[in-house]
Amino acid sequence: MSAQMPSAPPSRLRTAALAPIGDEGRIELVESRIVQAISVGAFTEGERLPSETELSALLGVAVVTVREALSGLRHRGLIETRRGRNGGSFVRPSHGSVEEVNARALQAMPRVALADLAVHYEAVCCACAEYACQRATSGEIDVVAAVIERARDLDRIAWRRRVTEIQLELAALSQSVRLTTEHVRVQTEFTPLLALQDLDAQARASTQEALMAQIRATRARDIDAARSAIRESVRASTRWLVGLRTELIAAPHETDLRGTLEARRREG
């Protein structure tokens, strides 16, 4: 089996990140969905986004709604528009701006909603892990283990993208299309918040070790150990996010929010 990560994860990410919004389609929701797609690595720095028409069809909203959303993202400095034959909207190298957007989303999220999202994520991940323990082959596990080990030396932005891919691959080892699809959907929603935790080097190390523990448990067919690794990691991440949310609420102004994030970056 090839030691290269399959190309499927980004496609799964894009499908989930750009799933139809439907009747709730508003400019703010379209902006949020595109920011999520950038945060989870479905679109990387310098990459071209789908056209306005393509986004309209993917998200199930009017072209004018997409156009207004893209204008808002340009104003925030998250994307840039280039004219000409090879033009379009491209992701700018502005990870700090993405972090600010995600921090504001965390700040505005009720604590009970954050806890509920974490419970959902934990339940889906544990279900995937249980079936992965029963169905994954040794070769498949070896591929994922090698990739997570190499991720240690990546910078935090590349590390998050790689970790997200690995989490999706671990879910796919369940060989359940429904579970994997739900995992992708909830991860697309939760990862932009989890990425804020990457400002903390110790938290990144803990996440890395939890994934390694999950892989070891999967190899040993130990369902309880796999579930335990996920449960402890998700709950630790949730506590971290609750702490950051408390800080952000205490610093409501834009300059205060940026100062809080900058302090976290220095610490990490």
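Since the model is a prediction, treat every value here as computed from it, not as a measurement. (Residues numbered from 1 in each chain as written. Predicted model: local features only at pLDDT ≥ 70, side-chain atom pairs only at ≥ 80, totals over all residues. Heavy atoms only, no water.)

## A look at the environment of E99
1) Next: With respect to the helices and strands, the residue E99 is situated in helix α5 (residues 95-108).
2) Next: Residue E99 is classed as buried on the basis of its relative accessible area, which comes to 4%. (Helix = DSSP H or I, 4+ residues; strand = E, 2+ residues; numbered from the N terminus. Buried < 20%, exposed > 50% of the residue type's maximum accessible area, 1.4 Å probe, protein only.)

## A look at the side chain of T65
1) Next: Of note, T65 is situated in helix α4 (residues 63-76).
2) Next: When residues no more than four places from it in sequence are discounted, the contact partners of T65 are R26, I27 and V30. (Contact = heavy atoms within 4.5 Å.)

## Remarks on the packing of helix α3 (residues 52-59) against α4
1) Next: Close contact between α3 and α4 brings their axes to 8 Å; oriented N to C, the two are set at 115°. In terms of orientation, α3 lies roughly perpendicular with respect to α4. Along this stretch, α3 crosses α4, giving a crossing that reads as right-handed. Each of E52, T53, L55 and S56 in α3 lies in contact with α4, whose residues at this interface are V63, V66, R67 and L70.
2) Next: In terms of residue class, the contact of α3 with α4 is made up of 4 nonpolar, 2 polar and 2 charged. (Axes fitted to C-alpha atoms, helices over the stretch in contact; angles between N-to-C directions. Parallel < 35°, antiparallel > 145°, perpendicular 65-115°, else oblique. Left-handed = near helix turned anticlockwise from the far one by under 90°. Nonpolar A, V, L, I, M, F, W, Y, C, P; charged D, E, K, R; others polar.)

## Considering empty space enclosed by the protein
1) Next: Inspection of every chain in the model, using the stated rule, returns 2 cavities of 30 Å³ or more.
2) Next: If you trace the largest cavity, you find 21 residues lining it, with Y121, C125, Q167, L211 and Q214 closest to the centre.
3) Next: For the lining of the largest cavity, the secondary-structure elements that each account for two or more residues are α6 (111-135), α8 (156-172), α9 (177-194), α10 (201-219) and α11 (223-250).
4) Next: If you tally residues by element for the lining of the largest cavity, the top one is α11, at 5 residues. (1 Å grid on protein atoms, 1.4 Å probe; cavity = no way out; pocket = protein on both sides within 12 Å on 5 of 7 lines; lining within 4 Å. Points joined across faces, edges and corners; volume = space filled by probe spheres on them.)

## Let's talk about the confidence of the model for the chain
For any part of a model where pLDDT is low, the fine detail of the predicted coordinates should not be relied upon.
1) Next: Mean pLDDT over the chain stands at 86; residues scoring 70 or higher make up 88%.
2) Next: For the chain, the element scoring lowest by mean pLDDT is helix α1 (residues 8-17), at 63; α6 scores highest, at 97. (pLDDT = per-residue confidence, 0-100.)

## Side note on the nonpolar core
1) Next: Among the nonpolar cores identified, the biggest contains 29 residues, and L106, L114, Y121, F190, L193, L196 and L241 are the most heavily contacted of them.
2) Next: Of all the elements in the fold, those that place two or more residues in this core are α5, α6, α9, α10, α11 and α12 (254-267).
3) Next: Filtering out sequence-adjacent residues up to four positions away, L193 remains in contact with N102, L106, M109, L114, L117 and L241. (Core = buried A, V, L, I, M, F, W, Y, C linked by side-chain atoms within 4.5 Å.)

## A word on the packing of aromatic side chains
1) Next: For the structure shown, the criterion picks out 1 aromatic pair.
2) Next: Arranged with centres 5.1 Å apart and planes meeting at 65°, the rings of Y121 and F190 form a pair that is edge-to-face. Of the two residues, Y121 sits in helix α6 while F190 sits in helix α9, which places them 69 residues apart along the sequence. The two residues Y121 and F190 agree in class, both being buried.
3) Next: Here R82 stacks its cationic end above the ring of F90, 3.9 Å away from the centre of that ring. (Phe/Tyr/Trp six-rings, centres within 6.5 Å; stacked < 30°, edge-to-face > 60°. Lys NZ or Arg CZ within 6 Å of the ring centre and 35° of its normal.)

## Details of the pairing of strand β1 (residues 79-82)
1) Next: The pairing of β1 with strand β2 (residues 88-91) spans 4 bridges and is classified as antiparallel. Paired with E80 across the strands is F90, a residue of β2.
2) Next: Once β1 ends, the chain turns through 5 residues before running back antiparallel as β2, passing G84 with a positive phi of about 100°. (Pairing = 2+ DSSP bridges.)

## Thoughts on the packing of α8 against α9
1) Next: Direction vectors running N to C along α8 and α9 enclose 155°, while the axes themselves pass 10 Å from each other. Viewed along their axes, α8 and α9 adopt a mutual orientation that is roughly antiparallel. In the crossing of α8 with α9, the sense of the turn from one axis to the other is right-handed. Along its contact with α8, which presents R160, T164, Q167, L168, A171 and A172, the element α9 presents T180, H183, V184, Q187, T191 and L194.
2) Next: Tallied by class, residues from the contact of α8 with α9 come to 5 nonpolar, 6 polar and 1 charged.

## Things to note about the layout of surface pockets
1) Next: By volume, the largest pocket is sized at about 380 Å³.
2) Next: Elements that contribute at least two residues to the lining of the largest pocket include exactly α2 (27-39), α5, α6 and α9.
3) Next: For the lining of the largest pocket, the class distribution of residues is 10 nonpolar, 3 polar and 5 charged.

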